[in-house]
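What follows is each chain in one-letter form.
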Amino acid sequence: MQMSQTKGLRRKGRVLAFQVLYGLSFVPPHGGWTTERIYNQSPAVIRETEEDLILYARELLLGIWNAQEELDEVIGRYSKHWKIERIAKVELAILRLAVYELVHKPDIPLKVGINEGIELAKKFGDGNSRNFINGILDAVARDIDTGKFKVEKNF
């Protein structure tokens, strides 16, 4: 797969993972409905025909869901004056996805992780989302770059 194809696939995969993650903030897994089952039954996933995209988005979603406690702790640490419960569901889903990529996806450069979070904010957030998300992601990325997280990444 060429670099531009990978970039497009990942961007679409992020959007798909975000959509399901956002939905989970209203109806979390319960009963026999696991995160993976909810993902597989999501109308946006069912409509998608590109197998690599579906797999990438599922990998992202499950990684984010399994690391949610850690991600929320990081987001809470950097969102000065905003408790997790007060962050709008759209912004929280975007932040969880972007922070997950910053901290857990070594092949995603910090700059790309920030930019992709901002793109999601532009597409799905309100007028204030972009600056709020940029501020948090930029601070997290700077601390990753200076070694405060035990993650090796390029900016």
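Higher on the page you've got the structure.
The rules behind each value
- Numbering of residues starts from 1 in each chain and follows the order in which that chain's sequence is written.
- For a predicted model such as this one, the threshold for reporting local features is a pLDDT of at least 70, and the threshold for listing and counting side-chain atom pairs is 80 or more; totals across whole chains, interfaces and linings nevertheless cover every residue.
- Heavy atoms throughout the structure, all of them, feed into the side-chain values; hydrogens and water do not.
- Only Phe, Tyr and Trp rings take part, Trp by its six-membered ring, and two of them pair if their centres are within 6.5 Å. Stacked means planes under 30 degrees apart, edge-to-face means over 60, and tilted covers everything else.
- Numbering of helices and strands starts at the N terminus; helices are DSSP runs of H or I of at least 4 residues and strands are runs of E of at least 2.
- Here the term buried applies to any residue with accessible area under 20% of the maximum for its type, exposed to any over 50%, and partly exposed to those in between, with areas from a 1.4 Å probe on protein chains only.
- Under this definition, polar contacts are N or O atom pairs within 3.5 Å; protein pairs additionally need one hydrogen-donor-capable and one acceptor-capable atom, and for neighbouring residues in sequence, both atoms have to be side-chain atoms.
- Should any heavy atoms of two residues lie within 4.5 Å, those residues are considered in contact.
- Only one rule defines a salt bridge in this text: a Lys or Arg side-chain nitrogen within 4 Å of an Asp or Glu carboxyl oxygen.
- To get an axis, fit a line to the C-alpha atoms, keeping to the stretch in contact for a helix; angles then go from 0 to 180 degrees between the N-to-C directions.
- Reported orientations rely on four angle classes, namely roughly parallel under 35 degrees, roughly antiparallel over 145, roughly perpendicular from 65 to 115, and oblique for the rest.
- When the near helix sits turned anticlockwise from the far one by under a right angle, the crossing is termed left-handed; a clockwise turn instead gives a right-handed crossing.
- All residues other than Ala, Val, Leu, Ile, Met, Phe, Trp, Tyr, Cys, Pro, Asp, Glu, Lys and Arg, Gly among them, are scored as polar; the first ten of these are nonpolar and the last four charged.
- Helix span, as expected, comes to 1.5 Å for every residue beyond the first.

Draft legend 1. The packing of aromatic side chains, seen in detail. Counted according to the given criterion, the structure contains five aromatic pairs. Both rings, one in Phe18 and one in Phe124, keep their centres 4.6 Å apart while their planes meet at 35°; by these two values the pair is tilted. A residue pair is termed long-range when its members are at least 10 positions apart, and Phe18 in helix 1 (residues 3–24) and Phe124 in helix 7 (residues 110–124) qualify at 106 residues. By relative accessible area, which is 27% here, Phe124 ends up partly exposed.

Draft legend 2. Region of interest: the side chain of Arg10. One can find Arg10 in helix 1. In terms of polar contacts, Arg10 uses its side chain to reach the side chain of Asp107, at 2.4 Å. If we ignore the near neighbours within four places in the chain, the residues touching Arg10 are Tyr56, Asp107 and Ile108.

Draft legend 3. Up close: the pattern of salt bridges. All chains considered together, the criterion is met by 11 salt bridges. As a salt-bridge pair, Arg14 and Glu101 come within 2.6 Å of each other at their nearest N and O atoms. Separated by 87 residues along the polypeptide, Arg14 in helix 1 and Glu101 in helix 6 (residues 89–104) bring together distant segments of the chain. Taken as a pair, Arg14 and Glu101 share a single burial class, namely buried.

Draft legend 4. Region of the structure containing the packing of helix 6 against helix 7. Put simply, helix 6 and helix 7 touch, their axes get as near as 9 Å, and they point 165° apart. Classified by the angle their axes make, helix 6 and helix 7 are roughly antiparallel. When the axes of helix 6 and helix 7 are compared, the crossing they make is right-handed. Between helix 6 and helix 7, the residues in contact are Val90, Ile94, Leu97, Ala98 and Leu102 and Leu110, Gly113, Ile114, Gly117, Leu120, Ala121 and Phe124, respectively. Residues of the contact of helix 6 with helix 7, tallied by class, amount to 10 nonpolar, two polar and no charged.

Draft legend 5. Spotlight on helix 8 (residues 129–145). Between the first and last C-alpha of helix 8 there are 24 Å, a value that for 17 residues agrees with the 24 Å anticipated at 1.5 Å per step. Within helix 8, burial applies to Ser129, Ile133, Ile136, Leu137, Ala139, Val140, Ala141, Asp143 and Ile144. Where helix 8 is buried, its residues meet helix 5 (68–78), helix 6 and helix 7. Of the residues one or two after helix 8, Gly147 is the one with positive phi, at around 90°.

So far we have only geometry, and geometry alone does not tell us how the molecule works.
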